[in-house]
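What follows is each chain in one-letter form.
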Amino acid sequence: MTVVLETRHLSRSFNAIRAVDDVSFSLHKGELLALIGPNGAGKSTCFNMLMGQLKPTSGAVFLNGENLVGQSPRAIWRKGVGRTFQITGTYQSMTVAEHVQMALISHHRRIFSIPPYAHGLYRDEALGFLDLVGMRDQADRPCAVLAYGDLKRLELAIALSHDPTLLLMDEPTAGMAPRERTALMQLTADIVRDRGISVLFTEHDMDVVFAHAHRIMVLNRGRLIADGSVEEIRNNPQVQEVYLGGGTLFKPEAGASRARTFRCEQFLRQGACAWRSQLYG
Ligand SMILES: Nc1ncnc2c1ncn2[C@@H]1O[C@H](COP(=O)(O)OP(=O)(O)OP(=O)(O)O)[C@@H](O)[C@H]1O
Ligand SMILES: [Mg+2]
């Protein structure tokens, strides 16, 4: 099997915190590899080092045998690495199609095109990518009005637009409803199979991970504690301890909604206090 991506003893500290600690793994061509772990395990930090957003404290990242450490995110993107982010980052007033066109214009090194001409550049190609992710009918809508799930699908279209050989997807379905999540991951799995793309993704929804990953790695407090098939990970006592013992991951939605409810209650309580003090204070 051809190794596309490899890390060797990858580490990153933030002062006393060892966010990623001596992580070594390989990703093979055509593989859908999941990197899972509780909140704060170091997954996004790991992604940021793979894509050049963060410099490792030590260790190395190899893409098709070439060391990427010290290279800029743009240089790494040009080598055929696509990325989607945990938190979507789109421009509110730009349309869906314009976002994909922007990526295509950059990919084709036409960023100095005069804006009136740039408007029509690569529109058909952009629509093709939007079709791929089921967003063709929303092409001319501004991002400000999109549902979160649609923003996630747009991110995927943008990431695919420069024909990547490797996709890094940090929580591609975060914030989506369960049915939408499964649909997006199924779509991703189909695309990567058809195009021979390798994927490293993180995901908190275990149903999604177990249904789609070819292999799973588990990160806990920066360290890789397991690497194996879906069955091996499902039955690994250390992994069960991290997840069930910590109680944070198998039911992320319950935790997230509890946190939201708590914040909402606090807000309402503060509002109510302010209101009451205006009346009676
Ligand atoms: N820029 C930073 N400065 C200081 N500490 C950081 C920074 N980025 C991450 N950390 C810390 O590193 C650890 C790993 O964070 P990271 O965001 O990589 O976790 P994660 O696995 O992606 O979590 P989540 O599932 O919540 O997204 C955490 O303790 C976090 O607080
Ligand atoms: Mg993260």
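What counts, and where the lines are drawn
- Residues numbered from 1 in each chain as written.
- Chains lettered and ligands numbered in written order.
- Predicted model: local features only at pLDDT ≥ 70, side-chain atom pairs only at ≥ 80, totals over all residues.
- Helix = DSSP H or I, 4+ residues; strand = E, 2+ residues; numbered from the N terminus.
- Contact = placed C-beta atoms within 7 Å.
- Pairing = 2+ DSSP bridges.
- Axes fitted to C-alpha atoms, helices over the stretch in contact; angles between N-to-C directions.
- Near = placed C-beta within 6 Å.
- Nonpolar A, V, L, I, M, F, W, Y, C, P; charged D, E, K, R; others polar.
- Core = buried A, V, L, I, M, F, W, Y, C linked by C-beta atoms within 7 Å.
- Buried ≥ 20, exposed ≤ 12 C-beta atoms within 10 Å, placed from the backbone.

With respect to the overall build of the chain
- Of regular secondary structure, the chain possesses eleven helices and ten strands.
- Taking all contacts inside the chain whose residues are at least 6 apart in sequence as the whole, residues at least 24 apart take part in 66%.

Observations concerning the sheet that holds strand E5 (residues 66–67)
- Spatially, the four strands line up as an open sheet ordered E2-E1-E4-E5, and their pairing is antiparallel. Because the sheet does not close on itself, it has two edges, and the strands there are strand E2 (17–28) and E5.
- Bridging between strand E4 (residues 58–63) and E5 involves two bridges; their strand directions are antiparallel. Each bridged residue has a counterpart across the sheet, and for Leu-63 the counterpart in E5 is Glu-66.
- Strands strand E1 (3–14), E2 and E4 of the sheet are contacted by helix H1 (residues 43–50), whose axis makes an angle of about 60° with E2.

Description of the site of ligand 1
- Near ligand 1 the following residues occur: Phe-14, Ile-17, Ala-19, Gly-37, Asn-39, Gly-40, Ala-41, Gly-42, Lys-43, Ser-44, Thr-45 and Gln-86.
- Counting only elements with at least two residues in the shell around ligand 1, the list comes to E2 and H1.
- The element that contributes the greatest number of residues to the shell around ligand 1 is H1, accounting for three residues.
- Partitioning the shell around ligand 1 into residue classes produces four nonpolar, seven polar and one charged.

Side note on the nonpolar core
- Ranked by size, the top nonpolar core spans 66 residues in total, and within it Leu-130, Ala-157, Leu-168 and Val-199 carry the most contacts.
- Looking at this core, the element that brings in the most residues is helix H6 (residues 148–160), giving seven residues.
- Those residues within four positions of Leu-130 in sequence are excluded, and the remaining contacts are Val-96, Ala-97, Val-100, Met-135, Arg-136, Ala-139 and Ala-157.

Some words on unusual backbone geometry
- You will see that Asn-64, though not glycine, has its phi angle at about 45°, which is positive.
- In this fold, Asn-64 is placed in the loop between E4 and E5.
- For Asn-64, a count of 15 C-beta atoms within 10 Å translates into the label partly exposed.
- We note that Asp-163 has phi near 55°; this positive angle belongs to a residue other than glycine.
- Position of Asp-163 among the secondary structure elements: in the loop between H6 and strand E7 (166–170).
- Using a count of 10 C-beta atoms within 10 Å as the deciding quantity, one classes Asp-163 as exposed.

Details of the sheet that holds E7
- The six strands are arranged E6-E7-E8-E3-E9-E10 in an open sheet whose pairing can be described as mixed. Each end of this open sheet is capped by a strand with a single partner; those strands are strand E6 (81–84) and strand E10 (223–228). Put simply, the sheet's adjacent strands are angled 15° from each other on average, direction ignored.
- When E7 meets strand E8 (residues 198–202), the two strands line up parallel, connected through five bridges.

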